[in-house]
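Descriptive analysis of the structure
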Amino acid sequence: MVISRRHPPPPQQKPERDDMPLGDDVLHEILLRVPPLPTTLIRAAAVCRRWRHIVAEPGFLRRYRAHHGKPPLLGFFVNPSGREPLFRSVLDAPGRVPPERFSLHLEDHTELGGNWYYHGCRHGRLILVNWKTGLGCRQILIWDPITRDLRCLSPPPQLDALKGLFFQATVVCAAADMDEGHVHGDDCRSGPFKVVLVGTDRSLALAFVYSSETGEWGDAAEIPVDCISVGSRCVQVGNCLYWMIFGYDNNILEFNLGSQRLSVVEVPMDIQQEHDGLYPITLQEGTELGLIVMSGSCVQIWQWMIGYDGVPGWLPIEAIYLDQLLSLRPGECVNPIKVMAFAQDENVLFVASSSRIFMVYLDSLVFKQLCSVDEFAASPESCPIYAVYPFACFYDAASSLSSE
Amino acid sequence: MAAATDDAGDSNEMIRVVSSDGEHFEMPEAAANLSLVLRHMIEDDCADAAGIPLAVVAAKPLAKIVDYCTKHAAKSSGLTIEEAEELKRFDAEFIEVDTDMLYDLLVAADFMGVEGLSKLAVQRTADLIKGKTPEQNRETFGIVNDFTPEEEEEICKENEWAFQITKPPSRLC
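Residues numbered from 1 in each chain as written. Chains lettered and ligands numbered in written order. Predicted model: local features only at pLDDT ≥ 70, side-chain atom pairs only at ≥ 80, totals over all residues. Heavy atoms only, no water.

Here we come to the UniProt feature "domain: SKP1 component POZ" (unreviewed entry) in chain B. Look at the UniProt record and you will see "domain: SKP1 component POZ" (unreviewed entry) annotated at residues 14-73 of chain B. Secondary structure across residues 14-73 of chain B comprises 45% helix and 20% strand; the distance between its end C-alpha atoms is 13 Å. (UniProt positions renumbered as here; feature names shortened; annotations may be inferred. Helix = DSSP H or I, 4+ residues; strand = E, 2+ residues; numbered from the N terminus.)

Written as C-alpha cells, this is what we have:
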C-alpha cells in the first residue's frame with residue numbers, strides 16, 4: 001500500500017478546473033452537511049447531474065435526516081374556515097415554503113359537509129376530523145403534507161351510540177410503545193401510526209385507539225371523571241398523552257399508549273386560581289410533563305415531578321412576562337386566552353397579542369413575530385383563530401426526486 | 001516552509017514529507033500522526049531522511065496541512081476552555097480560503113486521512129453552498145451545468161418557489 005507512494009511522482013501540471021475535482025464520497029459528505037432549510041437540497045439537486053444523483057439516493061436522505069437530527073420547524077397550519085387548513089411559513093426567504101405547496105383540497109377526497117376540525121400534527125402527520133351536530137364524528141383524515149399522502153378512517157363503531165360527543169383526536173407514531181431505540185422525527189412519517197380519540201360524557205372520559213398496523217379500532221378505555229370538556233392541546237411524554245380536562249375542577253387526563261389506560265393528573269386549585277388559560281406542555285426536552293398557567297400576560301410554567309418525599313406534585317419552574325418580553329406597540333396587549341400552540345420538539349410557544357402572532361423559544365426566550373392576527377380573517381366564513389398547528393419537517397427533494 | 005513548534009507532542013522526532021511538486025516540509029511526529037497515511041508509514045518505518053512523498057498533494061496545500069496538524073497536535077488533549085476556543089478560532093481563520101485551496105484541502109485531507117481537517121473543509125464547503133441559487137453554486141465551485149434546457153425547466157417547475165432570488169422580507173404588520 002505504501003511502497004508505490006515512495007516513488008517520486010511524475011511532474012504534474014495543474015489541471016484547468018472546470019468541475020468539482022472531488023470524489024463522490026467527499027461530495028456526499030459535503031451535501032450531507034448543508035443546513036436543513038427547505039430550499040438547500042432542492043437547489044443543490046438543480047446544480048448538475050452529479051449533485052442531483054447524490055441527493056436523490058434514498059440512502060443519502062436517510063443519512064441527511066439522521067445527521068441533522070430534529071427536523072426544522074417550517075411553519076404552522078391554521079383552520080379559520082373549518083375547511084381546508086392554511087399553511088404559513090415561519091422561516092425567512094429563501095426557506096419560506098409557499099402556502100400552496102402544503103394545500104389540501106378536501107373536495108377531491110370527501111363529499112362530507114359539516115366542519116373539519118383540525119387537531120394538529122405530530123412527526124409530519126396532520127389529523128382532521130369531520131364533525132357534524134347531531135351526527136358526531138364521521139370521518140378522520142391523516143395527511144402527510146410533504147408526500148400529499150392522505151388516509152381516510154371511519155370512526156370507531158362504538159361512536160354510533162355516542163353521537164352527541166365531541167372528541168379530541170391526535171395522531172402518534174406507533175413506534176412510541178414498541179421500539180425503545182426509536183427517536184421520533186422525520187422517519188416516523190413512513191412508519192405505522194396510531195390515532196387516539198378522547199372525549200367525555202361528563203361522567204366518563206373515553207379513549208379509542210386506531211392502529212394503522214391492524215387497520216382497526218380497539219376497545220374503549222374509560223375512567224370516571226367530573227368534567228365538561230377535553231382540551232384540544234395534546235402533548236406526548238414517552239408513552240403517555242396528556243390533555244386538559246375542564247369542569248368544576250381542571251385537571252390533566254393521561255392516556256398510556258402501552259397499557260391503554262386512562263388516568264387523571266390532578267392540578268391543585270391553588271396553582272390555577274384566577275387563571276386565564278391552562279395549557280399542557282413538556283419540559284426537559286420533552287421528557288417531563290409541564291403546565292402553563294396564564295395569568296394576564298404572565299406565563300407561569302409548572303413541572304409535574306416526584307418530590308423528595310416520593311410524592312408527585314407540581315413545582316413552579318419559571319414565570320415569563322410576555323408584555324415585557326415581546327416588544328409590544330402602544331395600545332397592544334397580550335391575549336392570555338391565545339396561547340396558540342406549543343411545539344414540543346422545538347420547545348416553542350406560539351402566543352398572540354391583540355394584533356400579532358409570535359413564536360417564543362422557551363429555551364432562549366428569543367421571539368419572532370409571525371403575522372397579524374387579522375391575516376386569516378379575510379374570508380367572510382372565517383372564525384377567529386385560537387390555535388395554530390406547528391409543522392416541523394425536513395423539506396427535502398425526496399418526493400420529487402425519488403421517482404427518477 | 002512550515003516550521004516545527006517546540007510544544008508539539010511527546011516525540012521530538014521530525015518527520016519529513018515531500019509534496020507532489022518536490023518541496024520538502026518537516027513536522028513533529030505527533031503532528032504527522034494526525035494523518036492516517038503518515039502514521040501507517042511511520043509505523044512501517046517508511047519515514048526516512050529523504051521524506052515521505054505525497055503524490056497528490058502539492059506544496060501549497062501541504063504547507064497548510066502541516067500548519068494544521070502542528071497546531072492540533074500541540075493541543076490534542078486535556079484542553080482548557082480557553083485553549084479549545086483558541087483552537088476553534090484557529091480553525092475558523094485557517095479555513096477562510098478560496099475555492100481552489102478548499103478543493104485542494106478537501107482532496108489532500110481525504111487522501112492523507114486527516115479526519116479533523118476533512119470535517120472542517122467539508123463543513124466550510126457546505127456552508128458556502130447554503131443560500132445560493134444553483135447558478136451561484138456553479139459559479140462558486142466552477143461546475144458546468146450539464147442539464148438539457150428541457151430538464152432544467154422541468155426541475156425549476158417542480159419547486160418554482162425554491163429558485164426565486166431572495167427578496168428582502170416584506171413587512172408583516
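Okay, the pairing of strand S4 (residues 125-132) of chain A next. Residue and element names in this part refer to chain A. Burial of S4 is extensive: seven of the eight residues sit out of reach of the surface. When strand S3 (residues 115-122) meets S4, the two strands line up antiparallel, connected through six bridges. When the sheet's bridge partners are listed, Trp 116 is paired in S4 with Asn 130. Bridge analysis of S4 against strand S5 (residues 136-144) gives seven bridges, and the strand direction is antiparallel. Paired with Leu 126 across the two strands is Trp 143, which belongs to S5. (Buried < 20%, exposed > 50% of the residue type's maximum accessible area, 1.4 Å probe, protein only. Pairing = 2+ DSSP bridges.)

This paragraph deals with the pattern of salt bridges. Residue and element names in this part refer to chain A. Applying the stated criterion across every chain yields a total of 14 salt bridges over all chains. A salt bridge links Lys 368 to Asp 92; the shortest N-O distance between them is 3.3 Å. A residue pair is termed long-range when its members are at least 10 positions apart, and Lys 368 in strand S24 (residues 367-372) and Asp 92 in the loop between strand S2 (86-89) and S3 qualify at 276 residues. Using a relative accessible area of 26% as the deciding quantity, one classes Lys 368 as partly exposed. Here the residues in one salt-bridge network are Glu 29, Arg 33 and Arg 63, joined through shared partners. (Salt bridge = Lys/Arg side-chain N within 4 Å of Asp/Glu carboxyl O.)

Here the focus is the side chain of B:Asn137. Among the secondary structure elements, B:Asn137 is positioned in helix H7 (residues 134-141). Other than its neighbours up to four places away in sequence, B:Asn137 contacts A:Val47, B:Leu128, B:Ile129 and B:Lys132. (Contact = heavy atoms within 4.5 Å.)

Residue and element names in this part refer to chain B. Together, Glu 150, Glu 153, Glu 154 and Glu 158 give the surface a local cluster of negative charge. Relative to the assigned elements, Glu 150 resides in helix H8 (residues 149-158). Judged by its relative accessible area of 57%, Glu 150 falls in the exposed class. (Patch = residues over 30% accessible without salt bridge, like charges linked within 9 Å, V, L, I, M, F, W, Y side chains within 5 Å. Areas by Shrake-Rupley, 256 points an atom, 1.4 Å probe, with all protein chains shown as cover. Lys, Arg positive; Asp, Glu negative; His and termini not counted. Charge placed at Lys NZ, Arg CZ, Asp CG, Glu CD.)

Right, let's get into the sheet that holds strand S25 (residues 389-392) of chain A. All names here are of chain A. Strand order in the open sheet made by the three strands is S2-S1-S25, with antiparallel pairing throughout. Unpaired on one side and paired on the other, S2 and S25 mark the two borders of the sheet. This sheet shows a mean twist of 30° between the axes of neighbouring strands, independent of strand direction. Taken together, the four bridges between strand S1 (residues 73-78) and S2 define a ladder with antiparallel strand orientation. Counted as the bridge partner of Phe 77 is Phe 87 from S2. (Axes fitted to C-alpha atoms, helices over the stretch in contact; angles between N-to-C directions.)

One frequent convention defines the size of an interface as the accessible area lost when the parts assemble. Counting residues at the interface gives 49 residues for chain B, matched by 46 residues for chain A. Contact between chain B and chain A buries roughly 4,400 Å² in total, counting both sides, with carbon and sulfur atoms accounting for 64%. At the junction of chain B and chain A, the tally comes to one salt bridge. In this structure, A:Arg49 engages B:Glu151 in a salt bridge whose closest nitrogen and oxygen atoms are separated by 2.7 Å. Where chain B meets chain A, there are eight residue pairs in polar contact (both at pLDDT 80 or more). Breaking the side of chain B that touches chain A down by element, the ones donating at least two residues are helix H2 (36-43), helix H5 (99-112), helix H6 (115-129), H7 and H8 of chain B. The element that contributes the greatest number of residues to the side of chain B that touches chain A is H5(B), accounting for seven residues. Of the residues in the side of chain B that touches chain A, the class split is 23 nonpolar, 13 polar and 13 charged. (Buried area = accessible area lost by both parts, 1.4 Å probe. Polar contact = N/O pair within 3.5 Å; in protein donor to acceptor, adjacent residues only side chain to side chain. Nonpolar A, V, L, I, M, F, W, Y, C, P; charged D, E, K, R; others polar.)

This part is about the nonpolar core. Grouped together as the largest cluster of nonpolar side chains are 61 residues, with contacts concentrated most on A:Leu31, A:Trp51, A:Phe60, B:Val17, B:Ile65 and B:Leu117. Counting residues in each nonpolar core, the second largest holds 33 residues, with A:Leu283, A:Ile301, A:Ile320 and A:Val351 among its members. (Core = buried A, V, L, I, M, F, W, Y, C linked by side-chain atoms within 4.5 Å.)

Turning to the domain arrangement of chain A, a few remarks are in order. All names here are of chain A. Splitting chain A by domain gives domain 1 (30-68) and domain 2 (69-402). The C-alpha centroid of domain 2 is placed 31 Å from the C-alpha centroid of domain 1. Taken together, the contact between domain 1 and domain 2 spans 17 residues of the former and 16 residues of the latter. Buried surface at the junction of domain 1 and domain 2, both sides included, amounts to about 1,400 Å², of which 67% is carbon and sulfur. The three residues of domain 1 that bury the most area against domain 2 are Pro 36, Pro 38 and Arg 65, which together make up 43% of that side's buried surface. For the pair domain 1 and domain 2, the interface holds zero salt bridges. Summed over the shared surface of domain 1 and domain 2, the result is three residue pairs in polar contact (both at pLDDT 80 or more). Elements supplying a minimum of two residues to the side of domain 1 that touches domain 2: helix H3 (40-44), helix H4 (49-56) and helix H5 (58-68). The element that contributes the greatest number of residues to the side of domain 1 that touches domain 2 is H5, accounting for six residues. When the residues that make up the side of domain 1 that touches domain 2 are grouped by side-chain class, the tally is 11 nonpolar, three polar and three charged. (Domains from an automatic or database assignment.)

This paragraph deals with the confidence of the model for chain A. The predicted coordinates of low-pLDDT regions are not to be read in fine detail. Residues at a pLDDT of 70 or more form 89% of chain A, whose mean pLDDT is 85. Predicted confidence is poor over residues 1-17 of chain A, with pLDDT under 50, and the contacts of this stretch with residues over four places away or in other chains come to 20 contacts. (pLDDT = per-residue confidence, 0-100.)

Here we take up the UniProt feature "domain: F-box" (unreviewed entry) in chain A. Those residues carrying the UniProt feature "domain: F-box" (unreviewed entry) are residues 22-64 of chain A in this numbering. Helix makes up 67% of residues 22-64 of chain A and strand 0%, with an end-to-end C-alpha separation of 19 Å.

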